Amino acid sequence: LTHKNSHKLKVKEWKKAFNANWHQKWAEIPILIPDKTNFRVTAIKRDKGHYIMINGLVHQENITILNIYAANTGAPKFIKKLLIDLRNEIDSNTIIVGDFNTPLTALDRPSRQNVNKETMDLNYTLEQIDLTDIYKTFHPTTTEYKFYSIAHGTFSKIDHMIGHKMNLNFIY
């Protein structure tokens, strides 16, 4: 989503469009909330093109949405550090989405190669905060690859939706 395109969304029933951008020419990190959703924003936290976190209320229930973009270099370490820095703001009503630029499990790669140490550390951090990959929880053996690397000639899954283990029964 670029800065120019965000205006087009506001015209088409997406007036609640929030983003964190670092440079106007770069893509933005958006969170789009349909106008039909009764969502009232209570706080917004942004970082220069890396994440946006919105706290709000939907039908008097607190919800936090965190959208993360991790550059493809050092992604697991960056996400781990971000989660540790934000751990006091992440609770059972938090949903984390984004382009993690890293497969979290061997199933997220077609070659089933082992997960590296940095990704294992990230997974341990997710476990310590009681967070889990929502899609993998409900589809543990399904593989859906969204990203194709021309350089390596492989597909992988690098976009993720992470949620608190305690609220999984409300999601599905």
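Residues numbered from 1 in each chain as written. Predicted model: local features only at pLDDT ≥ 70, side-chain atom pairs only at ≥ 80, totals over all residues. Heavy atoms only, no water.

Draft legend 1. Main features of the overall build of the chain. Secondary structure summary: the chain contains five helices and ten strands in total. The burial tally for the chain puts 36% of its 172 residues in the buried class. Counted over contacts in the chain with a minimum sequence separation of 6, partners at least 24 positions apart contribute 56%. (Helix = DSSP H or I, 4+ residues; strand = E, 2+ residues; numbered from the N terminus. Buried < 20%, exposed > 50% of the residue type's maximum accessible area, 1.4 Å probe, protein only. Contact = heavy atoms within 4.5 Å.)

Draft legend 2. A look at the sheet that holds strand E4 (residues 51-58). Sheet architecture is open: six strands sit in the order E3-E4-E5-E6-E10-E7, paired in mixed fashion. In this open sheet, the two strands that pair with only one neighbour each are strand E3 (39-47) and strand E7 (131-133). The sheet shows a mean angle of 20 degrees between the axes of neighbouring strands, direction not considered. Where helix H2 (residues 75-85) meets the sheet, it contacts E4, strand E5 (61-69) and strand E6 (94-99), and its direction lies at approximately 155 degrees from that of E5. (Pairing = 2+ DSSP bridges. Axes fitted to C-alpha atoms, helices over the stretch in contact; angles between N-to-C directions.)

Draft legend 3. Looking closely at the pattern of salt bridges. A full pass over the atoms with the stated rule returns four salt bridges. Here Lys117 makes a salt bridge to Asp121, at a shortest N to O gap of 3.0 Å. Of the two residues, Lys117 and Asp121 both sit in helix H3 (residues 117-128), four residues apart, roughly one turn of that helix. A relative accessible area of 54% means that Lys117 is categorised as exposed. Using a relative accessible area of 26% as the deciding quantity, one classes Asp121 as partly exposed. (Salt bridge = Lys/Arg side-chain N within 4 Å of Asp/Glu carboxyl O.)

Draft legend 4. Molecular detail of unusual backbone geometry. The phi angle at His59 is positive, at roughly 50 degrees, despite the residue not being glycine. Positionally, His59 belongs in the loop between E4 and E5. On the accessibility criterion, His59 (54% relative accessible area) is exposed. Its identity is not glycine, yet Asp130 carries a phi of approximately 65 degrees, on the positive side.

Draft legend 5. Examining the nonpolar core more closely. Ile68, Leu83 and Ile96 are the most contacted members of the largest nonpolar core, which has 19 residues in total. The set of elements that each furnish at least two residues to this core consists of E4, E5, H2 and H3. Among residues more than four places away in sequence, those in contact with Leu83 are Ile90, Ile96, Leu122, Thr125, Leu126 and Ile129. (Core = buried A, V, L, I, M, F, W, Y, C linked by side-chain atoms within 4.5 Å.)

Draft legend 6. Geometry of H3. With twelve residues, H3 should reach 16 Å at 1.5 Å per residue; the first-to-last C-alpha distance of 16 Å fits that figure. Residues Thr119, Leu122, Thr125 and Leu126 constitute the buried set of H3. Seen along its axis, H3 keeps its buried residues to an arc of 115 degrees; they face one direction. Turned more than 90 degrees off the buried face of H3, the exposed positions are Lys117, Met120 and Tyr124. For H3, the elements touching its buried residues are H2, E7 and strand E10 (159-164). Immediately downstream of H3, the backbone of Asp130 shows phi near 65 degrees, a positive value. (Expected span 1.5 Å × (residues − 1). Arc of directions from axis to C-beta.)

Draft legend 7. Geometry of the environment of Asn116. For Asn116, the location among the structural elements is in the loop between E6 and H3. Taking the C-alpha atoms as reference points, Asn116 and Leu104, twelve residues apart in sequence, are found 9.5 Å from one another.

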